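Residue-level structure breakdown
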Amino acid sequence: MPWLATPWQDTVSAERPGWRMRAANLRGRTDDGLDRDEFAFAVDYQLCRRCRIGWVEQPYTQPAYQRRGLAAAGMAALHEENPGFTWHNPGRAHRRLPPFWDTIGADIPDGYRPRTVCEQVTAGG
Ligand SMILES: [Zn+2]
């Protein structure tokens with residue numbers, strides 16, 4: 001059973017200038033007894049302190065780690081670290097969201113409704 005070597009890695013997003021990436025790398029033991037970190041989950045995010053909005057984009061969980069609550073736990077960590085922020089998915093107001101967002105947003109007051117990105121933040125594609 002994998003466990004978290006360090007809870008979360010927080011780095012600059014490789015894909016979106018100005019964004020950050022929150023990721024979980026799980027440490028597992030290979031058949032020959034070596035410990036190895038394996039990428040499990042990542043989501044790009046950016047905070048706008050003026051609007052008090054956290055923007056989140058493109059969550060991804062490796063298939064082997066799906067349905068284990070990793071994405072929800074990652075988002076919960078971001079919430080805890082940034083109290084008072086509401087969280088949105090940047091995009092067109094009527095964009096249809098994949099089922100992931102319904103699941104993750106179900107327990108959160110504002111959900112992750114899509115919202116046109118504010119002027120302080122670059123959509124990043
Ligand atoms: Zn803003």
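Residues numbered from 1 in each chain as written. Predicted model: local features only at pLDDT ≥ 70, side-chain atom pairs only at ≥ 80, totals over all residues. Heavy atoms only, no water.

The next point concerns the coordination of the zinc ion. With distances of 2.1 to 2.2 Å, the protein atoms coordinating the zinc ion are Cys-48 (SG), Cys-51 (SG), Cys-118 (SG) and Gln-120 (OE1). Each of the four donor atoms bound to the zinc ion contributes to angles spanning 100 to 116°, and the resulting shape is tetrahedral. Between the donor residues of the zinc ion, the gaps in sequence give the motif C-x2-C-x66-C-x1-Q. Placement of the pair is Cys-51 in the loop between β4 (35-48) and β5 (53-61) and Cys-118 in the segment after β7 (114-115), with a sequence separation of 67 residues. (Donors = N, O, S within 2.8 Å, 3.2 Å for Na, K, Ca; no water. Tetrahedral: all angles 85-135°; square planar, octahedral: opposite > 155°, others 65-115°. Helix = DSSP H or I, 4+ residues; strand = E, 2+ residues; numbered from the N terminus.)

Note that Arg-22 resides in strand β3 (residues 20-29). Polar contacts involving the side chain of Arg-22 include one to the side chain of Asp-10, which spans 2.7 Å. The contact partners of Arg-22, leaving out residues within four places of it in the chain, are Trp-8, Gln-9, Asp-10, Phe-41, Ala-42, Val-43, Tyr-45, Ala-77, Leu-78 and Glu-81. (Polar contact = N/O pair within 3.5 Å; in protein donor to acceptor, adjacent residues only side chain to side chain. Contact = heavy atoms within 4.5 Å.)

Let us look at the side chain of Asn-82. On the secondary structure map, Asn-82 appears in the loop between α1 (70-81) and β6 (86-90). Overall, the relative accessible area of 10% leaves Asn-82 in the buried class. Once residues within four sequence positions are removed from consideration, Asn-82 is found in contact with Leu-47 and Trp-87. (Buried < 20%, exposed > 50% of the residue type's maximum accessible area, 1.4 Å probe, protein only.)

Further remarks concern the environment of Phe-41. In this structure, Phe-41 sits in strand β4. Spatially, the C-alpha atoms of Phe-41 and Thr-61 are 4.3 Å apart, while their sequence positions differ by 20 residues. Ignoring any residue separated from it by four or fewer positions in sequence, one finds Phe-41 in contact with Trp-8, Arg-22, Ala-23, Ala-24, Pro-59, Tyr-60, Thr-61, Leu-70, Ala-71 and Gly-74.

This part covers unusual backbone geometry. Even without a glycine there, the phi angle at Arg-52 is positive, about 55°. Within the fold, Arg-52 resides in the loop between β4 and β5. Under the relative-accessibility criterion, Arg-52 is labelled partly exposed at 39%.

The next subject is the nonpolar core. It is characteristic of soluble globular proteins that their nonpolar side chains tend to be buried jointly. By size, the foremost hydrophobic cluster in this structure holds 14 residues, and its most contacted members are Phe-41, Val-43, Val-56, Leu-70, Met-75, Leu-78 and Trp-87. Of all elements in the fold, only β3, β4 and α1 reach the threshold of two or more residues within this core. Ranked by size, the runner-up nonpolar core spans six residues in total, among them Trp-19, Ile-53, Cys-118 and Val-121. (Core = buried A, V, L, I, M, F, W, Y, C linked by side-chain atoms within 4.5 Å.)

As judged from the seven bridges shared by β4 and β5, these two strands associate in the antiparallel manner. Each bridged residue has a counterpart across the sheet, and for Asp-44 the counterpart in β5 is Glu-57. The turn linking β4 back onto β5 is made up of four residues, and Arg-52 within it adopts a positive phi angle of 55°. By the bridge criterion, three bridges tie β5 to β6 in an arrangement that is parallel. By the bridge assignment, Ile-53 is partnered in β6 with Thr-86. (Pairing = 2+ DSSP bridges.)

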